[in-house]
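# A look at the structure
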Amino acid sequence: MTAQANSDTAPTTRHMANALRALAMDAVEAANSGHPGMPMGMADVATVLFQRFLKFDAAWPEWPDRDRFVLSAGHGSMLLYGLLHLTGYAGMSMDELRRFRQIGSKTPGHPEFGCAPGVETTTGPLGQGLATAVGMAIAERHLAASFGADLVDHRTYVIAGDGCLMEGVSQEAISLAGHLRLSRLIVLFDDNQISIDGPTSLATSDDQIARFTACGWNTVRADGHDPESIANALSAAQRSDRPTLIACRTVIGFGAPNKQGTAATHGSPLGKDEIAAARKTLGWAAPPFEIPGPIAAAWRAAGARGQAASQAWRGRLERLPGEQRREWDRRLAGEMPTAWAETFNRYKRGLVDKPPTIATRQASQNALEVINVVLPEMLGGSADLTGSNNTKTKTLAPLSAKAPGARYVHYGVREHAMAAAMNGIALHGGLIPYGGTFLVFADYLRPALRLSALMEQRVIYVLTHDSIGLGEDGPTHQPVEHLAALRAIPHVQVFRPADAVETAECWAAALAHRHGPSVIALSRQTLPALRRRQDDTNRSASGAYELLPATGAARVTLLASGSEVALAAEARERLQADAIGTRVVSMPCWELFEAQDRDYRRQTLGLGTVRIAIEAASRFGWERYIGEDGAFVGMAGFGASAPQQELYRHFGITADAVITAAKSRLKAG
């Protein structure tokens, strides 16, 4: 198909693309595992993008105003790793490519944020990269409106495959992007018509051009192996006032003469014979993992192309007025403003002075009224449940195509895209995203929440209607297993506050958790104020603490979270009246409790006392705290439709049940 460049000829786009193809073939073969087909098919597209359009500086991967490049089709990770190596990103050595898919390498099977500079997000679960990129584009437009185009003026590019566009999250994401007219978002669709099972015609007959057009996108077709066709499409996309889909017609495994265009190149090494034949077809004579000098130099020049722009940007940053520069630096660093601690403590003191009896979802909104004034980087939203989640505060206006600088996103009934977009907003930097839905609908967003955790991003999920306490909507809306499922995800802090003070403290702890997401589970029903003493210490930040001590020697410890802490307090009062010393321990966050030292945990749990856990949810996980002889008062199955007070009685989540359990175990002991 092409001759290899020599020292006397300038490398062409095809020569440079063939370097990507060779690296993909060689790395997958060395690992005996991987996906060579997509990198080989999209090599021409990626080369044109990085050589002529993408604004980046390989010597400064963290340049805030760089274009973002998202490989949504993450199985083709060797395309990204090849690009990073060839353009000169620090750390992405040829040895790392040789170690593709090996333990401890910077080249895992699918791109992982944090493994290497230049990897903007973790991808692999198909569609997630595309939806995350929507969040990046939202962040770019918002920060441009806030700080001006001199500081924020970049695009987000995505390479997505057929699988990305089949996943349901893609529809949510492209609908939202079209509605917001995110013109800086450009998706390069690898239209190779092949999936793992074979031709995509086995499973889909969608017209992607018509689909994206219907969602308000600009759409363009391009020959994915013709550099000028690709360049013309990218130029048109850059001029559009809408997000753009470029459908790049490609051949999967391009250059492998016996396997190209088939599923055989998708997820398996080509094999030595086919690689040899591909080298001959492509005119690539270099040994494995070697790049001819002229081609390597051309790629290094592409990696340095943005240095003048990055240095000019640095100069503009240096010339910012002092206060604006300090605010920019603070927000990009993810730090809290100096006024935050005193403002928060003053608010908490007010809650103790005038204890409110309110639902914790309302307490959350009240806390946000304070937080959103002090933290202009807060970008809120809800999946069409604003009035129920109480996520919108007085200072927030709806973000829209005409008002990108506003701070509240109406995500619509798109929980999955909301969560993925929040990941993109957090990854972009300069903003703290939070978004709301019902706790039961965490099932709709879990894949993106898991990526929040995997990438250790500060994303805050406001999940209300947290138990059977929501009442008449019934078991379809009453979460039972959800707290346990969310607590099982590493790096996620799951908060379930008991009253307004704890709710404020949980918000503070979530904001302080800079290396992972937080879930704040909130009640629909009103709850009494339990914290009635002034204390500037964030007691909820310890995960669990003694709320009410025993009068006399402690014989029983009641462990509870959220709305059931008040029930534990009622049971304690009655047990104390029977001369049974009883403590109440509020456990708003298991993960923070597990981070405390052993002595604190043992003291708080009250080892040697009868321990009873109370939570209107699944028992799963409580065993570690109550021990073999402890009791659990909660849910053993799904809920029902009825007023919430009746439901608590029906399912036996009552003070009477707690007292009976305590006395029976004391007697047995």
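Scope of this entry: the structure provided in the associated data block.

## Focus: the overall build of the protein chain
Counting its secondary structure elements, the protein chain contains 26 helices and 20 strands. What you see for the protein chain is a C-alpha radius of gyration of 28 Å, in line with the 26 Å of a compact globule of 669 residues. Seen through its principal axes, the protein chain has C-alpha atoms that stretch 95 × 55 × 45 Å. In the protein chain, buried positions account for 62% of the 669 residues. Carbon and sulfur atoms make up 50% of the accessible area of the protein chain, which totals about 24,400 Å². Within the protein chain, the 67 negative side-chain charges are centred at a point lying 3 Å from the centre of the 67 positive side-chain charges.

## Quick look at the packing of helix α1 (residues 13–31) against helix α10 (residues 272–282)
Two elements in contact, α1 and α10, have axes whose closest approach is 11 Å; the angle formed by their N-to-C orientations is 170°. Considering the angle they form, α1 stands roughly antiparallel to α10. Counting all contacts with α1, which are made through N18, R21, M25, D26 and E29, the residues of α10 involved are K272, I275, A278, R279 and L282.

## Looking at helix α11 (residues 293–304)
Residues lying three or four places apart along an α-helix face the same way, a consequence of the helix completing one turn every 3.6 residues. The end-to-end C-alpha separation of α11 is 16 Å, in line with the 16 Å expected for 12 residues at 1.5 Å each. Residues of α11 that are buried include every one of I295, A298, W299, A302 and G303, and no others. Seen end-on, α11 carries its buried residues on one side only, within an arc spanning 145°. Its buried side turned inward, α11 meets α1, α2 (37–53) and α3 (77–87).

## Some thoughts on the layout of surface pockets
Taken as a whole, the largest pocket encloses approximately 740 Å³ of empty space. Forming the boundary of the largest pocket are 31 residues, of which F113, A426, L427, G429 and Q457 lie nearest the centre. Within the lining of the largest pocket, the residues separate by chemical class into 13 nonpolar, 8 polar and 10 charged.

## Some thoughts on the nonpolar core
In this structure, F69, L185, L234, I246 and W299 are the most contacted members of the largest nonpolar core, which totals 136 residues. Ranked by residue count, the leading element in this core is helix α5 (residues 128–147), at 11 residues. In this structure I246 touches I186, V187, L188, F189, V220, A222, A233, L234 and A237, once residues within four positions along its chain are discounted.

## Quick word on the sheet that holds strand β3 (residues 185–191)
Read across the open sheet, the 5 strands follow the order β1-β2-β3-β7-β6; overall the sheet is parallel. At either margin of the open sheet sits one strand with a lone partner, and together these are β1 (68–71) and β6 (218–223). Within the sheet, the average angular offset between the axes of one strand and its neighbour, ignoring direction, is 20°. The pairing of β1 with strand β2 (residues 156–161) spans 4 bridges and is classified as parallel. Bridging from a neighbouring strand, R68 pairs with T156 of β2. Running at roughly 165° to β2, α5 makes contact with β1, β2 and β3 of the sheet. On the sheet, helix α9 (residues 227–239) packs against β2, β3, β6 and β7 (244–249) and is oriented at approximately 165° with respect to β6.

## Some remarks on empty space enclosed by the protein
Using the criterion set out here, one finds 4 cavities of 30 Å³ or more in the structure. Counted as a void, the largest cavity has a volume near 80 Å³. In this structure, the largest cavity is lined by F50, L54, F56, P61, R66, D67, F69, L80, L84, Y89, G118 and E120. Approximately 50 Å³ is the volume found for the second largest cavity. Every residue along the wall of the second largest cavity is listed here: P64, D65, R68, L143, L151, V152, H154, W328, L332, H428 and G429.

## Here's the deal with the packing of helix α17 (residues 415–428) against helix α18 (residues 442–454)
One way to put it is that α17 packs onto α18 with a least axis distance of 7 Å and a crossing angle of 15°. When the axes of α17 and α18 are compared, the pair comes out roughly parallel. When the axes of α17 and α18 are compared, the crossing they make is right-handed. For the pair formed by α17 and α18, the contact residues are E415, H416, M418, A419, A420 and N423 on the first element and Y444, L445, P447, A448, L451 and S452 on the second. By residue class, the composition of the contact of α17 with α18 is 8 nonpolar, 3 polar and 1 charged.

## Digging into the packing of aromatic side chains
All told, the structure shown has 18 aromatic pairs when counted by the stated rule. Between F50 and F69, the aromatic rings sit 5.2 Å apart at their centres with planes inclined by 85°, giving edge-to-face as the arrangement. Pair noted here: F50 is in helix α2 and F69 is in strand β1, with a separation of 19 residues, a long-range link. Take F50 and F69: they sit in the same class, and that class is buried. Put simply, the rings of W60, W63, F147, W313 and W328 touch in pairs and so form one group of aromatic residues. The positively charged end of R487 is found above the aromatic ring belonging to W590, 3.9 Å away from the centroid.

## Let's talk about α18
Given a rise of 1.5 Å per residue, 13 residues ought to cover 18 Å, and the 17 Å separating the end C-alpha atoms of α18 matches this to within 8%. For α18, every residue scored as buried is listed here: A442, L445, A448, L449, L451, S452 and A453. On its buried face, α18 sits against α5, α17, β11 (432–438), β12 (460–464), α19 (482–487) and β14 (518–522).

## Comments concerning the sheet that holds strand β9 (residues 378–382)
Spatial ordering of the open sheet is given by β10-β9-β11-β12-β14-β13, a layout of 6 strands whose pairing is parallel. Every interior strand has two partners, whereas the edge strands, β10 (408–410) and β13 (493–495), have only one. Adjacent strand axes in the sheet meet at a mean angle of 20°, parallel and antiparallel pairs treated alike.

## Points about the pairing of β11
Counting buried positions over the 7 residues of β11 gives 7, a clear majority of the element. Summarising the sheet, β11 and β12 pair through 5 bridges and their orientation is parallel. Pairing of F438 across the sheet is with T464, part of β12. The β-α-β motif built from β11, the intervening α18 and the parallel element β12 has right-handed crossover chirality.

Rules and cut-offs
Residues numbered from 1 in each chain as written. Predicted model: local features only at pLDDT ≥ 70, side-chain atom pairs only at ≥ 80, totals over all residues. Heavy atoms only, no water. Helix = DSSP H or I, 4+ residues; strand = E, 2+ residues; numbered from the N terminus. Rg over C-alpha atoms; globule rule 2.2 N^0.38 Å. Buried < 20%, exposed > 50% of the residue type's maximum accessible area, 1.4 Å probe, protein only. Areas by Shrake-Rupley, 256 points an atom, 1.4 Å probe, with all protein chains shown as cover. Lys, Arg positive; Asp, Glu negative; His and termini not counted. Charge placed at Lys NZ, Arg CZ, Asp CG, Glu CD. Axes fitted to C-alpha atoms, helices over the stretch in contact; angles between N-to-C directions. Parallel < 35°, antiparallel > 145°, perpendicular 65-115°, else oblique. Contact = heavy atoms within 4.5 Å. Expected span 1.5 Å × (residues − 1). Arc of directions from axis to C-beta. 1 Å grid on protein atoms, 1.4 Å probe; cavity = no way out; pocket = protein on both sides within 12 Å on 5 of 7 lines; lining within 4 Å. Points joined across faces, edges and corners; volume = space filled by probe spheres on them. Nonpolar A, V, L, I, M, F, W, Y, C, P; charged D, E, K, R; others polar. Core = buried A, V, L, I, M, F, W, Y, C linked by side-chain atoms within 4.5 Å. Pairing = 2+ DSSP bridges. Left-handed = near helix turned anticlockwise from the far one by under 90°. Phe/Tyr/Trp six-rings, centres within 6.5 Å; stacked < 30°, edge-to-face > 60°. Lys NZ or Arg CZ within 6 Å of the ring centre and 35° of its normal. Right-handed = clockwise from strand over helix to strand, strands pointing away.

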